[in-house]
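As a plain string of letters, each chain reads:
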Amino acid sequence: MTCPLPKLIQRLIRTLICAARSLQRRLRWSEIKKIIVFLQRMAKAGSDECPISRGFPSKSAVDDFDICKLNPLPEIKKSPHQNTCAASISEPLVLQPATNKGFETAAILALTDCITDSNLKELIKDRLSEIDDETGNIEKQALCAVNLYDEINTFIRSYKGKNNEQLEKILSRIRSELRHHHCELIDEDTWNPEHQRAVAIAYTLPENSTPIISEKKSTGLIVNNRLIRKQEVTLQKSKI
């Protein structure tokens, strides 16, 4: 004789399935079987609703269980003043995915502590504080990170000091953090008006010549395949 599943266990399984769906993950049948076995072991042995010998279900009880036959849970409407801390056992548990905390600046800050120039160190720390954003606004954080990236690049080109090796590590970390958040730097050497803006133009090339970038200014930015800021360059081109 197949041992019927207690209504409480059915409700718990439906709750687990709802939680899995909220996380965009589907429970495998093998996992559901393990859940059934675990919950039935916790059931009271010898109860009228589920007469299980010593708390263990029979194999047929698990194999015959059809999750599709479970009645759907009724929709529970909550008032805005209802206490959400004490949830009903029949209410599906909805697990929210972890919120995006945005850029992690701790590793960059650790690299900054190794810089010997105190003024440069404080400058980078100030810029890192601008990147930190409790709202997790990736576009805002990415723009601040790119501004810091440009400042460090300018410093490296202008000064040949002992801190440059550490600054290169910071640049590498910024690039890694940008990639992690699906941000792409626009740092191209050839003229592309879709991704670049000419802030100065010198008409010095022969007629019908291909424009040439003479100097790169600020780096551009793409976030989640959306253009946020064009790369700024100075351009050489012909008048015709």
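The present account deals with the structure reproduced in this document. Predicted, not measured: the structure shown is a model, and the values here were computed from it.

### Points about the sheet that holds strand S6 (residues 231-236)
- Strand order in this open sheet of three strands is S2-S6-S3, and the pairing throughout is mixed. On the outer flanks of this sheet lie strand S2 (196-202) and strand S3 (212-216), each paired with one strand and no other. Here the strands of the sheet are splayed against their neighbours by 40° on average, with no regard to which way each runs.
- Alignment of S3 against S6, held across four bridges, turns out to be antiparallel. Directly across from Lys216, in S6, lies its bridge partner Val233.

### Focus on the sheet that holds strand S4 (residues 220-223)
- Spatial strand order, S1-S4-S5: three strands in an open sheet with antiparallel pairing. If you trace the sheet from one side to the other, it starts and ends with strand S1 (183-186) and strand S5 (226-229), each paired once. Across the sheet, the mean angle separating the axes of adjacent strands is 30° when strand polarity is ignored.
- Packing against the sheet, helix H6 (residues 138-158) makes contact with S1, S4 and S5, and its axis sits at approximately 50° to S5.

### Things to note about helix H5 (residues 118-131)
- In a regular helix each residue adds 1.5 Å, so 14 residues correspond to 20 Å; H5 covers 20 Å between its end C-alpha atoms and thus fits that length.
- Of the surrounding elements, those touching the buried residues of H5 are helix H4 (106-112), H6 and helix H7 (164-180).
- At the N-terminal end of H5, a side-chain oxygen is found 3.0 Å from the backbone nitrogen of Asn119, two or three residues along, and the residue is Asp117.

### Observations regarding the pattern of salt bridges
- With the rule as written, the count across this model stands at nine salt bridges.
- Arg127 is paired through a salt bridge with Glu151; the nearest N and O atoms lie 2.6 Å apart. With Arg127 in helix H5 and Glu151 in helix H6, the pair connects residues that are 24 residues apart, well separated along the chain.
- On the basis of relative accessible area, Arg127 is assigned to the partly exposed category, the value being 21%.
- A salt bridge links Asp189 to Lys216; the shortest N-O distance between them is 2.8 Å. Of this pair, Asp189 sits in the loop between S1 and S2 while Lys216 is found in strand S3, placing the two residues 27 residues apart along the sequence.
- A single network of salt bridges, built from pairs that share partners, joins Arg127, Glu130 and Glu151.

### Overview of the packing of H5 against H6
- H6 packs onto H5 with a crossing angle of 165° between their chain directions and a minimal axis gap of 8 Å. Relative to H6, the element H5 lies roughly antiparallel. Here H5 runs over H6; the crossing is right-handed. Seen from H5, the contacting residues are Leu120, Leu123, Ile124, Arg127, Leu128, Glu130 and Ile131; seen from H6, they are Gln141, Cys144, Ala145, Leu148, Glu151, Ile152 and Phe155.

Reading the values: the criteria
- Sequence order sets the numbering: in each chain, residues are counted from 1 along the sequence as written.
- Where local features are concerned, this predicted model is filtered to residues with pLDDT of at least 70; where side-chain atom pairs are given and counted, the filter is 80 or more; whole-chain, interface and lining totals use all residues.
- Side-chain numbers here rest on the full set of heavy atoms in the structure, without hydrogens or water.
- Two strands make a pair as long as DSSP finds a minimum of two bridges between them.
- Where helices and strands are cited, they refer to DSSP runs of H or I of at least four residues and of E of at least two residues respectively, numbered from the N terminus.
- Structural elements are reduced to axes, namely lines fitted to C-alpha atoms, with helices fitted over the stretch in contact, and the angle between N-to-C directions of any two is expressed from 0 to 180 degrees.
- By definition in these notes, contact holds between two residues if any of their heavy atoms fall within 4.5 Å.
- Expected span of a helix: the number of residues minus one, times 1.5 Å.
- Any N or O atom pair separated by 3.5 Å or less is treated as a polar contact, with the protein-specific requirement of one donor-capable and one acceptor-capable atom, and with residues adjacent in sequence counted only for side-chain atom pairs.
- What makes a salt bridge here is a side-chain nitrogen of Lys or Arg within 4 Å of a carboxyl oxygen of Asp or Glu, nothing more.
- Working definition: with a 1.4 Å probe on protein chains only, accessible area under 20% of the residue-type maximum means buried, over 50% means exposed, and in between means partly exposed.
- Each angle gets one of four labels, with under 35 degrees taken as roughly parallel, over 145 as roughly antiparallel, 65 to 115 as roughly perpendicular, and the rest as oblique.
- Two helices cross in a left-handed way if the nearer one is turned anticlockwise from the farther one by less than a right angle. They cross in a right-handed way if the turn is clockwise.

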